[in-house]
Amino acid sequence: MKIDLTSLVTESRNNASAKIDTLSTLELLKVINEEDKKVAMAVEQTLPEVAAVIDAVALAFSSGGRLIYCGAGTSGRLGILDASECPPTYGSKPEQVVGLIAGGFAAILKAVENAEDNGPLGQQDLQTLNFNKNDVLVGIAASGRTPYVIGAMQYALSLGATVACISCNPQSPMTELAQIAITPVVGPEVVTGSSRMKAGTAQKLVLNMISTGAMIKTGKVFGNLMVDVEATNAKLVQRQKNIVMQATDCSIEEAESALNSCDFHCKTAIVMVLLDIDANSAKQKLANRGGFIRATLND
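Residues numbered from 1 in each chain as written. Predicted model: local features only at pLDDT ≥ 70, side-chain atom pairs only at ≥ 80, totals over all residues. Heavy atoms only, no water.

**Side note on the overall build of the protein**
Within the protein one finds 14 helices and five strands. The principal-axis extents of the C-alpha atoms in the protein amount to approximately 65 × 50 × 35 Å. Counting over 299 residues, the protein shows a buried share of 47%. Contacts in the protein between residues at least 24 apart in sequence constitute 65% of all its contacts with a sequence separation of at least 6. Carbon together with sulfur atoms contributes 52% to the accessible area of the protein, which is approximately 14600 Å² in total. A gap of 2 Å separates the mean positions of the 25 positive and 30 negative side-chain charges of the protein. (Helix = DSSP H or I, 4+ residues; strand = E, 2+ residues; numbered from the N terminus. Buried < 20%, exposed > 50% of the residue type's maximum accessible area, 1.4 Å probe, protein only. Contact = heavy atoms within 4.5 Å. Areas by Shrake-Rupley, 256 points an atom, 1.4 Å probe, with all protein chains shown as cover. Lys, Arg positive; Asp, Glu negative; His and termini not counted. Charge placed at Lys NZ, Arg CZ, Asp CG, Glu CD.)

**Description of helix α1 (residues 25-44)**
Quick reminder: α-helices carry 3.6 residues per turn. Residues three or four places apart thus point the same way. With 20 residues, α1 extends 30 Å between its outermost C-alpha atoms, agreeing within 8% with the 28 Å of an ideal straight helix rising 1.5 Å per residue. Residues of α1 that are buried: Val31, Glu35, Val39, Ala42 and Val43. Burial along α1 is one-sided: seen end-on, the buried residues are contained in an arc of 120°. Opposite the buried face of α1, at more than 90 degrees from it, the exposed residues are Leu26, Lys30 and Met41. Buried positions along α1 lie against α2 (47-62) and α9 (198-217). (Expected span 1.5 Å × (residues − 1). Arc of directions from axis to C-beta.)

**Things to note about the sheet that holds strand β4 (residues 162-166)**
Consider a sheet: its strands pair through backbone hydrogen bonds, and that pairing is either parallel or antiparallel. In space, the five strands of this open sheet follow the order β2-β1-β3-β4-β5, with parallel pairing throughout. The open sheet is flanked by β2 (97-101) and β5 (180-182), the only strands paired with a single partner. Neighbour-to-neighbour, the strand axes of the sheet open up by a mean angle of 20°, direction not taken into account. With five bridges connecting them, strand β1 (residues 67-71) and strand β3 (residues 136-140) associate as parallel partners. For Cys70, the partnering residue across the bridge sits in β3 and is Gly139. (Pairing = 2+ DSSP bridges. Axes fitted to C-alpha atoms, helices over the stretch in contact; angles between N-to-C directions.)

**Focus on helix α6 (residues 119-128)**
Along α6, the positions that sit buried rather than exposed are Gly119, Leu121, Gly122, Asp125 and Leu126. With its buried residues spanning 160° around the axis, α6 presents them on a single face. Facing away from the buried side of α6, by more than 90 degrees, are the exposed residues Pro120 and Thr128. For α6, the secondary structure elements touched by its buried residues are β1, β2, β3 and α7 (147-158). Between a side-chain oxygen at the N-terminus of α6 and the backbone nitrogen of Leu121 the separation is 3.1 Å; the capping residue is Asn118. (Polar contact = N/O pair within 3.5 Å; in protein donor to acceptor, adjacent residues only side chain to side chain.)

**Here we look at the nonpolar core**
Core analysis: the biggest nonpolar cluster contains 34 residues, and Leu67, Tyr69, Val138 and Ile210 have the highest contact counts within it. It is α9 that contributes the most residues to this core, seven residues altogether. With near-sequence residues (within four places) excluded, Ile210 lies in contact with Val50, Val53, Ile54, Val57, Leu67, Tyr69, Ile166 and Ile182. Counting 24 residues, the second largest nonpolar core, distinct from the first, contains Leu126, Leu137, Val149 and Ala178. (Core = buried A, V, L, I, M, F, W, Y, C linked by side-chain atoms within 4.5 Å.)

**Thoughts on the packing of helix α11 (residues 252-261) against helix α12 (residues 266-275)**
One can describe the packing of α11 onto α12 by two numbers: an axis separation of 9 Å at closest approach and a directional angle of 125°. As far as their axial angle goes, α12 and α11 are oblique. The way α11 lies across α12 gives a crossing that is right-handed. Contacts from Ala258, Leu259 and Ser261 of α11 reach α12 at Cys266, Ala269, Met272 and Val273. (Parallel < 35°, antiparallel > 145°, perpendicular 65-115°, else oblique. Left-handed = near helix turned anticlockwise from the far one by under 90°.)

**Quick word on the environment of Asp228**
Residue placement: Asp228 occurs in the loop between α9 and α10 (234-248). On the basis of relative accessibility, which here comes to 9%, the residue Asp228 falls in the buried class. Taking the C-alpha atoms as reference points, Asp228 and Cys266, separated by 38 residues in sequence, lie 6.1 Å from one another. Setting aside residues no more than four positions away along its own chain, Asp228 makes contact with Thr89, Tyr90, Gly91, Lys220, His265 and Lys267. Side-chain polar atoms of Asp228 contact the side chain of Lys267, separated by 3.2 Å.

**Comments concerning the environment of Arg77**
Of note, Arg77 is situated in helix α3 (residues 73-84). When its relative accessible area of 28% is taken as the criterion, Arg77 is described as partly exposed. Remark: the alpha-carbon pair of Arg77 and Ala107, spanning 30 residues in sequence, is separated by 8.3 Å. Among residues more than four places away in sequence, those in contact with Arg77 are Ile101, Ala107, Ile108, Leu109, Lys110 and Ala111.

What follows is the structure in structure tokens.
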């Protein structure tokens, strides 16, 4: 299959690094660092589109829908990384945010040849998840042309689902296809075509925003505290205690007592302390307000 990459920004050569192989280690790192500084500025230009995706995901969550990431190679791995970190951080169900990668599980650790070129495979992977119109699909590919991702996007659109994309090349097939196109144009890479670098960093920043923003909008953050964090190890047990203390200005003894009496559910413990009520009453009040602490306190 003949592919023309000459028009892609991510495949162009970077004049700033043209002689990077002649530089000292410190000098070459300065070149990389200067280029990396451009990434956040590129992402800043896409904030309205990122906000639109967050609002769509939050709406989907409220009606039982899911956020599905779909990508190949680095892009697929970044989606899986973001999805896998939601349950421990926000207490979300593992199936609420899911990452798909061309080639499946094996491709997480090792490249699977030609998987990204298989458009029908993208559709098949969504069908395996029972993807439906209530879900949101975010296709991820630095190039904006990956057939696996495009196949998934086309299928999602055919179902009437919300479809967004993250790519680093303007006017790409994916940006033309998506309802919401997030396109941080980071420019040519330090090593030509190595889109795991600036493009990958841009994708990671955007994914952080999407999942974090959606969780905030659905009540999983109070102030800036991750109040649905699960206590799955010693560090997180202590984090829960710290969160309750920070949210309520209570003592560690009060935090421990509240957490113990509500099966270590931070939100419930916070409401218990702030409203001076028992665990069952706190749980009911939270349920009445969809799990939003601030709305519960304002009743």
